Amino acid sequence: MIAKISSGKETAGLIRYLFDTKKAKDHTDPHLVASWDGFAPDPGRSDDVDATRRLLVADLDLHVKQARRLGRAPEQHVWHCSLRAAPEDRILSDEEWADIARRVVAATGIAPEGDPDGCRWVAVRHAPDHIHIAATKVRADLRTARHWNDYHTADRELAAVEKEYGLLQVVRGDRTAAKRPTRAEQEKARRAGQDKPARERLRTTVRSAVAAASSMAEFVHLLSHIDGVLIEVVYFPSGDVRGYKVAAEDTTTAGKEPVWFSGSELAPDLSFPKMRQRLEAIDRQPVDQPGRRRPNPWHQATAATERIPHHLDQADDEASQAHLAAFGEALDVLPLLAPQALRPQLREAAVAFERATRSRIQAEHHHARALRGAVRAMVRAPAPKDGAILAMFLDAAILVVIAAACWHQLRHHDQQVAAAQQTLLHLQAAYDQAAAAPLAALAQRRPPQQTVDRHIRHLRQAVPDHVDQVLEDPAFDALTAALAEAEAAGHKPEQLLQQAVDQRALASVRRPARVLTWRIERLSARPLPSTRARAAQARSAAQRSNAPVHAAAAVPTAQPSHTRRR
């Protein structure tokens, strides 16, 4: 059940609309279901509708007129609240709607329960699925009602109503969502043939620019070179940057200024102060040096992304919120870097997850510096030559979104949970498309059966709880090929498998062979460990198995270990 609340100047106009049956086609049987004292005249049950309607208006305006003589009546003295049930809900009776109306006016401060001086109000039902509450804001003691924050208090009361009446429990937000386009903006976009209003198009564009930029100057430079976007930096008299505003060129009409939006009008996290905090929390990538191999930024971003579920398991909510915001930036730039065929799904995923990047929890952005730096490096790096690198990242991203939904759910962030679930659908579709060709190419290089049998033994040691699921996965041939190629490059497959299992939970994975394949591919792309590193790995493995280490480079047989459950 949802509420819409507004204010007005004319009681008569609102009552006239509520009881109109000619212009409003859905007003089939307008009548009162409740009022401030239970005895208000009901035009819907009167033979003389016009006269009764005038009498009702006079009764509602009584205290307004008295306060007006004393110069104390508010100009916007009418309070209007519509309450609508969900299409899936049962039809409520008049008595049930009356109870709901009383609870709402009490919760919002219009007519507190047990207060004899509360405002005058009526609840009108003119359709099966909703009612309207019309009230005047002047109390019997001629003071103006204290109804601040009425939308929030009404929404909170309706959440309790839904549970008690067995109605659909509407997904509710925490007032951190971006502002929706107005009806006028939507109509203007429709007339111009645009699929989305300018506010929404600019929001997506600005988010992508922020995710790609490393400084305010670069952010301005990027936006100024995007066709159809205007940007203007606003300065203080001292010369310091105060903020910025953007506009779409197609909102400019002859002889008129374009429609400008500040960053905060696009989304709370796009205000200049919050954007500056994010730009300052970036790990600067090392400068290329002759003879030194520079890490692959896609692998760095994937590694940082894989660690996010672990961060979400910790008790530091501010750090978790920062990692989610940084991951949202990674999704924002993916459509710029991915093949054309994948961009629509990735763009929808980024737009959907945008809602899951914000909550009432204040993000401490310095916790996510590594991912932000890797994302900026991805933008500047050459495009991937094949789809395997993108598939690796999307594989990690899917698990992050699942973990994000769980994290928000534990904190009762309903809108963010819904956004994460919607994101998952788009990411899964993009991943299935991106992974198909690389997996097929790997599967064609399946090693001989003797090698496959040996890798199966390694799998039984590393993932005893999931080995059957891995063997039945269509990507199993690709996994064995990845292990064989890693072994040919000098890596020990049993160690790679153990590392992959230790860093990736498999309990919530649909296709574990695919997960392990991408993990093995990325781990095997690293340089081979030094003698000292191999000795340390051997000691660590020996401690896990409680077996003595006989040689510094010896590799003991790994014991079965259960995957961690998040």
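Everything discussed here concerns the structure shown above.
Residues numbered from 1 in each chain as written. Predicted model: local features only at pLDDT ≥ 70, side-chain atom pairs only at ≥ 80, totals over all residues. Heavy atoms only, no water.

## Quick look at the sheet that holds strand 1 (residues 2-8)
Then, in step 1: With antiparallel pairing, 5 strands are arranged side by side in an open sheet as 1-3-5-4-2. Of all strands in the sheet, those bounded by a partner on one side alone are strand 1 and strand 2 (31-35). Strand-to-strand twist in this sheet, taken as the mean axis angle between neighbours without regard to direction, amounts to 20°.
Then, in step 2: Running at roughly 150° to strand 1, helix 5 (residues 150-165) makes contact with strand 1 and strand 3 (78-84) of the sheet. (Pairing = 2+ DSSP bridges. Helix = DSSP H or I, 4+ residues; strand = E, 2+ residues; numbered from the N terminus. Axes fitted to C-alpha atoms, helices over the stretch in contact; angles between N-to-C directions. Contact = heavy atoms within 4.5 Å.)

## Re the sheet that holds strand 8 (residues 260-262)
Then, in step 1: Strand order in the open sheet made by the 3 strands is 6-7-8, with antiparallel pairing throughout. Strands with a single pairing partner mark the edges of an open sheet, and in this sheet they are strand 6 (229-235) and strand 8. Going from strand to strand, the sheet's axes swing by 30° on average, the running direction of each strand aside.
Then, in step 2: Strand direction decides the pairing type here: strand 6 and strand 7 (residues 241-248), joined by 7 bridges, are antiparallel. Along strand 7, the bridge assignment pairs Val-229 with Ala-248.
Then, in step 3: Across the sheet, helix 7 (residues 198-212) is in contact with strand 6, strand 7 and strand 8; its angle to strand 7 comes to roughly 125°.

## Side note on the pattern of salt bridges
Then, in step 1: Taken as a whole and assessed by the stated rule, the structure comprises 35 salt bridges.
Then, in step 2: Where Lys-245 meets Glu-232, a salt bridge forms, and the shortest distance between an N and an O atom there is 3.7 Å. With Lys-245 in strand 7 and Glu-232 in strand 6, the pair connects residues that are 13 residues apart, well separated along the chain.
Then, in step 3: Judged by relative accessible area, Glu-232 falls into the partly exposed class, the value being 35%.
Then, in step 4: Members of the salt-bridge network, linked through shared partners, are Arg-207, Asp-269, Arg-278, Glu-329, Asp-332, Glu-354, Arg-358, Arg-372 and Arg-376. (Salt bridge = Lys/Arg side-chain N within 4 Å of Asp/Glu carboxyl O. Buried < 20%, exposed > 50% of the residue type's maximum accessible area, 1.4 Å probe, protein only.)

## Section: the packing of helix 13 (residues 317-337) against helix 14 (residues 343-353)
Then, in step 1: Close contact between helix 13 and helix 14 brings their axes to 8 Å; oriented N to C, the two are set at 155°. Relative to helix 14, the element helix 13 is oriented roughly antiparallel. Classified by chirality, the crossing of helix 14 by helix 13 is left-handed. Of helix 14, the residues touching helix 13 (which contributes Leu-324, Phe-327, Gly-328, Leu-331, Asp-332, Leu-334, Pro-335 and Leu-336) are Arg-343, Leu-346, Arg-347, Ala-349, Ala-350 and Phe-353. (Parallel < 35°, antiparallel > 145°, perpendicular 65-115°, else oblique. Left-handed = near helix turned anticlockwise from the far one by under 90°.)

## Thoughts on the packing of helix 7 against helix 13
To characterise two packed helices, one gives the angle between the axes of the helices and the distance between these axes.
Then, in step 1: Viewed as axis vectors pointing N to C, helix 7 and helix 13 meet at an angle of 100°, and their least axial separation amounts to 8 Å. With respect to their mutual orientation, helix 7 and helix 13 come out roughly perpendicular. Here helix 7 contributes Arg-207, Ser-208, Ala-211 and Ala-212 to the contact with helix 13, which in turn contributes Glu-329, Asp-332, Val-333 and Leu-336.
Then, in step 2: Considering only residue class, the contact of helix 7 with helix 13 consists of 4 nonpolar, 1 polar and 3 charged. (Nonpolar A, V, L, I, M, F, W, Y, C, P; charged D, E, K, R; others polar.)

## Some points on the environment of His-132
Then, in step 1: Relative to the helices and strands, His-132 is located in strand 5 (residues 130-136).
Then, in step 2: Separated by 114 residues in the primary sequence, His-132 and Leu-18 have C-alpha atoms spaced 7.6 Å apart.
Then, in step 3: Sequence-distant contacts of His-132, that is, excluding residues within four places in its chain, are made with Tyr-17, Leu-18, His-80, Cys-81, Ser-82, Val-122, Ala-123, Val-124 and His-126.
Then, in step 4: At 2.8 Å, the side chain of His-132 forms a polar contact with the side chain of His-80.
Then, in step 5: Here His-126 takes part through its side chain, which lies 3.2 Å from a polar atom of the side chain of His-132. (Polar contact = N/O pair within 3.5 Å; in protein donor to acceptor, adjacent residues only side chain to side chain.)

## Points about helix 2 (residues 49-60)
Then, in step 1: In this model helix 2 runs 16 Å from its N-terminal to its C-terminal C-alpha over 12 residues, within 8% of the 16 Å that 1.5 Å per residue would give.
Then, in step 2: Those residues of helix 2 lying buried are Thr-52, Arg-53, Leu-56, Val-57 and Leu-60. Buried residues of helix 2, seen end-on, are gathered within an arc of 140° and therefore sit on one face of the element.
Then, in step 3: On its buried side, helix 2 packs onto helix 1 (11-18), helix 3 (62-69), strand 4 (121-127) and strand 5. (Expected span 1.5 Å × (residues − 1). Arc of directions from axis to C-beta.)

## Quick word on the pairing of strand 5
Then, in step 1: Most of strand 5 is tucked away: 7 of the 7 residues are buried.
Then, in step 2: Residues His-130, His-132, Ala-134 and Thr-136 of strand 5 are buried on one face, and the alternating residues Ile-131, Ile-133 and Ala-135, pointing to the opposite face, are buried as well.
Then, in step 3: Bridge count between strand 3 and strand 5: 7 bridges; the pairing is antiparallel. Note that in strand 5 the partner of His-80 across the bridge is Ala-134.
Then, in step 4: Pairing analysis gives 5 bridges linking strand 4 to strand 5, with the strands arranged antiparallel. Residue pairing across strands places Val-122 opposite Ala-134, the latter belonging to strand 5.
Then, in step 5: What sits between the antiparallel neighbours strand 4 and strand 5 is a turn of 2 residues.

Worth remembering: the numbers are spatial, not functional.
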